[in-house]
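So the chains spell out like this:
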Amino acid sequence: MEAPWTKTVDQVQTNLEVSLETGLTKDEVKKRQEAYGFNELEKEEGTSFWELVLEQFDDPLVKILLVAAVVSALIVINETLELGESFSLAHFVEPGVILLILILNAIVGVWQESNAEKSLEALKEMQPDTARTLRNGMWENDLPARELVPGDIVELSV
């Protein structure tokens, strides 16, 4: 069902084939659990540190800046060799600054990504453990929330 929150109660009830008086039957719950699985967020494997770092450089603007740093370094090397001078750190300030900015950008990006992953894990932990649900005409007080299926009538409280 598309956007059930925009539908009337009767439309949702009809579409999900559920009665507001009795809820779902045991057989219907079993069918829906087989069709939809458990009501829980999928556990995703965390992204490794190095994958996070490499993702920070997978951006067109970052790639352009990397190319600019390399081209700038090559120009410095070429000019220094043509003039017969010896290399010094002063010659590489421009490409060094570009690379430093890119490294700082990667550090901030990895930090933000790891914080986002931790926040998602915290949200998963905040999921309610049980629900008050109407099934077979009776209210079940402590039904594990992971056993809820589309069409379940639940009581919300604050």
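Provided above is the structure to which this section pertains.
Described below are features of the structure shown in this document. Just so it is clear, the structure is predicted and the values come from calculations on it, not from any experiment. (Residues numbered from 1 in each chain as written. Predicted model: local features only at pLDDT ≥ 70, side-chain atom pairs only at ≥ 80, totals over all residues. Heavy atoms only, no water.)

1. Quick look at the overall build of the protein
For step 1, the next point in the chain: Within the protein one finds 5 helices and 3 strands.
For step 2, the next point in the chain: Overall, the protein shows an N-to-C arrangement of helices and strands of α-α-α-α-α-β-β-β.
For step 3, the next point in the chain: Its C-alpha atoms give the protein a radius of gyration of 29 Å, clearly above 15 Å, the size a compact globule of 158 residues would have.
For step 4, the next point in the chain: With the C-alpha coordinates of the protein rotated into their principal frame, the extents come out at 90 × 30 × 30 Å.
For step 5, the next point in the chain: When each of the 158 residues of the protein is scored for burial, the buried share is 21%. (Helix = DSSP H or I, 4+ residues; strand = E, 2+ residues; numbered from the N terminus. Rg over C-alpha atoms; globule rule 2.2 N^0.38 Å. Buried < 20%, exposed > 50% of the residue type's maximum accessible area, 1.4 Å probe, protein only.)

2. Let's talk about the sheet that holds strand 3 (residues 153-155)
For step 1, the next point in the chain: An order of 2-1-3 is seen for the 3 strands of this open sheet, with the pairing classed as antiparallel. Lying at the two open borders of the sheet, with one neighbouring strand each, are strand 2 (138-144) and strand 3. Adjacent strand axes in the sheet meet at a mean angle of 40 degrees, parallel and antiparallel pairs treated alike.
For step 2, the next point in the chain: Across 3 bridges, the pairing between strand 1 (residues 130-135) and strand 3 is antiparallel. When the sheet's bridge partners are listed, R132 is paired in strand 3 with E155. (Pairing = 2+ DSSP bridges. Axes fitted to C-alpha atoms, helices over the stretch in contact; angles between N-to-C directions.)

3. Some thoughts on the packing of aromatic side chains
For step 1, the next point in the chain: The full count for this structure, using the stated rule, is 2 aromatic pairs.
For step 2, the next point in the chain: Centre to centre, the rings of F49 and W50 are 5.0 Å apart; their planes meet at 75 degrees, and the pair counts as edge-to-face.
For step 3, the next point in the chain: Judged by its relative accessible area of 48%, F49 is partly exposed.
For step 4, the next point in the chain: Taking relative accessible area as the criterion, W50 reaches 61% and is therefore assigned exposed. (Phe/Tyr/Trp six-rings, centres within 6.5 Å; stacked < 30°, edge-to-face > 60°.)

4. Regarding the pairing of strand 2
For step 1, the next point in the chain: The pairing of strand 1 with strand 2 spans 5 bridges and is classified as antiparallel. Note on strand 2: the bridge partner recorded for T130 is P144.

5. What about the side chain of T80?
For step 1, the next point in the chain: Topologically, T80 is positioned in helix 4 (residues 60-83).
For step 2, the next point in the chain: Taking the relative accessible area as the measure of exposure, T80 reaches 2% and is therefore buried.
For step 3, the next point in the chain: When residues no more than four places from it in sequence are discounted, the contact partners of T80 are E85, S86, F87 and H91. (Contact = heavy atoms within 4.5 Å.)

6. Describing the side chain of T133
For step 1, the next point in the chain: When you line up the elements, T133 lands in strand 1.
For step 2, the next point in the chain: Apart from the residues within four sequence positions on either side, T133 is in contact with M138, W139, E140, L143, L148, D152, I153 and V154.

7. What to know about a nonpolar patch on the surface
For step 1, the next point in the chain: A cluster of nonpolar side chains, contributed by V70, L74, I77, L81 and F87, occupies part of the molecular surface with about 470 Å² of accessible area.
For step 2, the next point in the chain: Along the chain, L81 falls in helix 4.
For step 3, the next point in the chain: By relative accessible area, which is 57% here, L81 ends up exposed. (Patch = residues over 30% accessible without salt bridge, like charges linked within 9 Å, V, L, I, M, F, W, Y side chains within 5 Å. Areas by Shrake-Rupley, 256 points an atom, 1.4 Å probe, with all protein chains shown as cover. Salt bridge = Lys/Arg side-chain N within 4 Å of Asp/Glu carboxyl O.)

8. Concerning the pattern of salt bridges
Pairing is possible between side chains that carry opposite charge, provided their charged atoms lie close to one another.
For step 1, the next point in the chain: Taken as a whole, this structure holds 5 salt bridges when the rule is applied.
For step 2, the next point in the chain: One salt bridge connects K63 with D58, and the closest N-O pair in it is separated by 3.3 Å.
For step 3, the next point in the chain: For D58, a relative accessible area of 56% puts it in the exposed group.

9. Topic: the packing of helix 3 (residues 49-56) against helix 5 (residues 93-125)
For step 1, the next point in the chain: Where helix 3 contacts helix 5, the two axes come as close as 9 Å, and the packing angle between them is 125 degrees. By the criterion of interaxial angle, the relationship of helix 3 to helix 5 is oblique. Note on packing geometry: the crossing formed by helix 3 with helix 5 is right-handed. Mapping the contact onto sequence places F49, L52, V53, E55 and Q56 in helix 3 and N105, A106, G109, V110, E113 and E117 in helix 5.
For step 2, the next point in the chain: Its residues placed into classes, the contact of helix 3 with helix 5 shows 5 nonpolar, 3 polar and 3 charged. (Parallel < 35°, antiparallel > 145°, perpendicular 65-115°, else oblique. Left-handed = near helix turned anticlockwise from the far one by under 90°. Nonpolar A, V, L, I, M, F, W, Y, C, P; charged D, E, K, R; others polar.)

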